[in-house]
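Spelled out from the first residue to the last, the chains are:
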Amino acid sequence: MPIKYSRKDFPEGFKFGAATAAYQIEGSENGNCGTCHWDTFSTTPGNVNNGENGSIACDHFHRFEEDLDLVKAGGFDSYRFSTSWARVMPDGKTINKDGLDYYDRLADAICERNLLPNLTLYHWELPSALADIGGWANRETAKRFVDHTNAVIKCIGDRMDAVATINEPWCVAWLSYFLGHHAPGLRDIRAAARAMHHVLLAHGLSIDAMRSLGTSNIGIVLNLTEVQQASDTQSDVSAKDRLDGIHNRWFLDAIFKAEYPDDILKDLIHFMPTNLEDDMTLISSSIDWIGINYYTRTIVAEDANEPWPSIKEIKGPLQQTQMGWEIYPDGLKSSLVRVSREYTGELPMLVTENGMAWKDTVLNEKVFDPIRADYISSHLSAAKAAIDQGVNLKGFFYWSLLDNFEWAFGYEKRFGLVHVDFETQKRTPKASFHDLALALTS
Ligand code: IFM
């Protein structure tokens, strides 16, 4: 199914990219990589589908040249990737030369193909040594993130088109320390509250370190969701505001207004570190761009039987992806417009992730996935509508280039434009890959 838009429908210089993340594709058993909290989490029964982990993943560590050829063949301008902290610093403090050499070769290989490298410094591989001291619940982890930033930027910063500090701080903190779905799998409000602050402190410290090194075009990537109330009762409207506060406003207010939203802070403050206002200037250090990851909306109702935040999610009626996420492109437009109007104004924005998982199968060397082309078209339409409403949107990255390790869901959920057979490591570009390539090259 053809993609309904082409390059010509977007402003001059608009960048299209494909995105990946280290643990999900590299194979952590290669290159003297250290262990991270995902290795432990996935080895604990019940945490990850089929007990799978990222030790081999897509074996991108050995196959990155072939994978970058696919990015090029797909007609993309940019490649979004991340560096694994556990690969760069296996014990959380000592540099692993093999790890940096690998990223050095990867950076060169991206540039050799005239692709613009868009780097994320942290996409969730917290070294085990730092997990041992409490991970993101401990302020020390934020300070150590500066060492990782310095090591990576000194090695490959000269070739980066754009750098983000952290991918999806809500996932790093709330999903992982309060909801327990991601490593380290905690369900502890005190640890979560601290992580919600320390991950932003790490961002601020990292921005500061990169400014000192003269790195340009630096930002952060937030995953936003459009939160909607299940009904118009006052209690459901308040539940909507609470989730919006925790998921969206917490990060946007901190980064762009140097404060946490009062309606959330009044309940979380009992668990937060002391003197947090002293960190807000650093957390709100100026950035050059903001990345938004968008997948779906979230419908919520109050759950008065549960303690704060007393929220339950309600399944909506729209078509769902393999993740069970509703396909709701309007939420992309409204999120972009909201961020631009309420927070960022003219600051360049990128859609750093958007995509869908489907139960794709290979038949006669082909993967037929018209639903994905349709998903891409509808979200490009939403991005275009946001631009028409004045959003300074500069690019759009599809998640993901390859089928990969989808965290707690293991290898079952397939987000890739390229199918990966995890037994043989054979790559098969799906029909949507060819459709998008046509749209980007015509
Ligand atoms: O696979 C993840 C990615 O690591 C972060 N953003 C959401 C994607 C899909 O769940």
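What you are looking at is a predicted structure, and each value in this text was computed from that prediction instead of being measured. (Residues numbered from 1 in each chain as written. Predicted model: local features only at pLDDT ≥ 70, side-chain atom pairs only at ≥ 80, totals over all residues. Heavy atoms only, no water.)

Draft legend 1. Structural view of the sheet that holds strand E6 (residues 226-229). Strand order in the open sheet formed by three strands is E6-E8-E9, with mixed pairing between adjacent strands. Edge positions in the open sheet fall to E6 and strand E9 (311-314), since each of these has one partner strand only. Across this sheet, the average inter-strand angle for adjacent strands is 40°, counted without regard to direction. Across four bridges, the pairing between strand E8 (residues 297-302) and E9 is antiparallel. Note that in E9 the partner of Val300 across the bridge is Glu313. Contacting E6, E8 and E9, helix H10 (residues 234-257) runs over the sheet at an angle of about 130° to E8. (Pairing = 2+ DSSP bridges. Helix = DSSP H or I, 4+ residues; strand = E, 2+ residues; numbered from the N terminus. Axes fitted to C-alpha atoms, helices over the stretch in contact; angles between N-to-C directions. Contact = heavy atoms within 4.5 Å.)

Draft legend 2. Fine view of the layout of surface pockets. Quantified by volume, the largest pocket comes out at close to 1,400 Å³. If you go around the largest pocket, you meet 48 residues; those closest to its centre are Trp170, Leu175, Leu179, His181 and Glu313. Counting only elements with at least two residues in the lining of the largest pocket, the list comes to helix H8 (169-177), H10, E8 and E9. Here the residues of the lining of the largest pocket sort into 24 nonpolar, 13 polar and 11 charged. (1 Å grid on protein atoms, 1.4 Å probe; cavity = no way out; pocket = protein on both sides within 12 Å on 5 of 7 lines; lining within 4 Å. Points joined across faces, edges and corners; volume = space filled by probe spheres on them. Nonpolar A, V, L, I, M, F, W, Y, C, P; charged D, E, K, R; others polar.)

Draft legend 3. Spatial organisation of empty space enclosed by the protein. Going through the model one piece at a time under the given rule, you end up with four cavities of 30 Å³ or more. Considering only enclosed or pocket space, the largest cavity measures out at about 60 Å³ in volume. Taken together, His37, Trp38, Tyr122, Trp124, Trp136, Cys171, Val172, Ser176, His182 and Ala183 form the lining of the largest cavity. Secondary structure elements with two or more residues in the lining of the largest cavity: helix H2 (37-43) and H8.

Draft legend 4. A look at the environment of Ser284. As for its position among the elements, Ser284 is in the loop between helix H12 (280-283) and strand E7 (289-293). Look at Ser284 and you get partly exposed, because its relative accessible area is 22%. For the pair Ser284 and Ala258, spaced 26 residues apart in sequence, the C-alpha separation works out to 5.2 Å. (Buried < 20%, exposed > 50% of the residue type's maximum accessible area, 1.4 Å probe, protein only.)

Draft legend 5. Summary view of the side chain of Thr149. With respect to the helices, strands and loops of the structure, Thr149 is situated in helix H7 (residues 139-156). For Thr149, a relative accessible area of 0% corresponds to the buried category. The contacts of Thr149, once residues within four sequence positions are left out, are Leu121, Ser206, Ala209 and Met210.

Draft legend 6. The arrangement of the site of the ligand in detail. By nearness alone, every residue bordering the ligand is listed as Gln24, His123, Trp124, Asn167, Glu168, Tyr295, Trp325, Glu353, Trp399, Glu406, Trp407 and Phe415. The separation between an oxygen atom of the ligand and a polar side-chain atom of His123 is 2.7 Å. Side-chain polar atom of Glu168 to a nitrogen atom of the ligand: 2.7 Å apart, as the coordinates give it. In the complex, the protein chains occlude 95% of the 280 Å² of accessible area that the ligand would expose alone. Judged by its atoms lying within 2 Å of the grid points, the ligand is housed in the largest pocket. (Near = heavy atom within 4 Å. Polar contact = N/O pair within 3.5 Å; in protein donor to acceptor, adjacent residues only side chain to side chain. Areas by Shrake-Rupley, 256 points an atom, 1.4 Å probe, with all protein chains shown as cover. Sits in = over half its atoms within 2 Å of the grid points.)

Draft legend 7. Seen up close, helix H13 (residues 330-344). Relative to the 21 Å expected for 15 residues at 1.5 Å per residue, H13 spans 20 Å between its end C-alpha atoms, a close match to the ideal helical length. Taken together, the buried residues of H13 touch E6, H10, E7, strand E10 (349-353), helix H14 (370-388) and strand E11 (393-399). Positive backbone phi, approximately 55°, marks Gly345, located one or two places after H13. (Expected span 1.5 Å × (residues − 1).)

Draft legend 8. Examining the nonpolar core more closely. Among the nonpolar cores identified, the biggest contains 147 residues, and Trp38, Trp136, Trp250 and Tyr260 are the most heavily contacted of them. Looking at this core element by element, the count peaks at 14 residues for helix H9 (residues 189-212). The next biggest cluster of nonpolar side chains, apart from the first, holds five residues, and it includes Val227, Ala239, Val300 and Ile311. (Core = buried A, V, L, I, M, F, W, Y, C linked by side-chain atoms within 4.5 Å.)

Draft legend 9. Broad picture of the pattern of salt bridges. Under the criterion given, the structure shown has 30 salt bridges. A salt bridge links Glu353 to Arg80; its shortest N-O distance comes to 2.9 Å. Of this pair, Glu353 sits in strand E10 while Arg80 sits in strand E2 (residues 78-82), and the two are 273 residues apart along the sequence. Take Glu353: its relative accessible area is 3%, and that puts it in the buried class. A relative accessible area of 0% places Arg80 in the buried class. With a shortest N-O distance of 4.0 Å, Glu140 and Lys143 are connected by a salt bridge. Separated by three residues within a single helix, Glu140 and Lys143 lie in helix H7, roughly one turn from each other. (Salt bridge = Lys/Arg side-chain N within 4 Å of Asp/Glu carboxyl O.)

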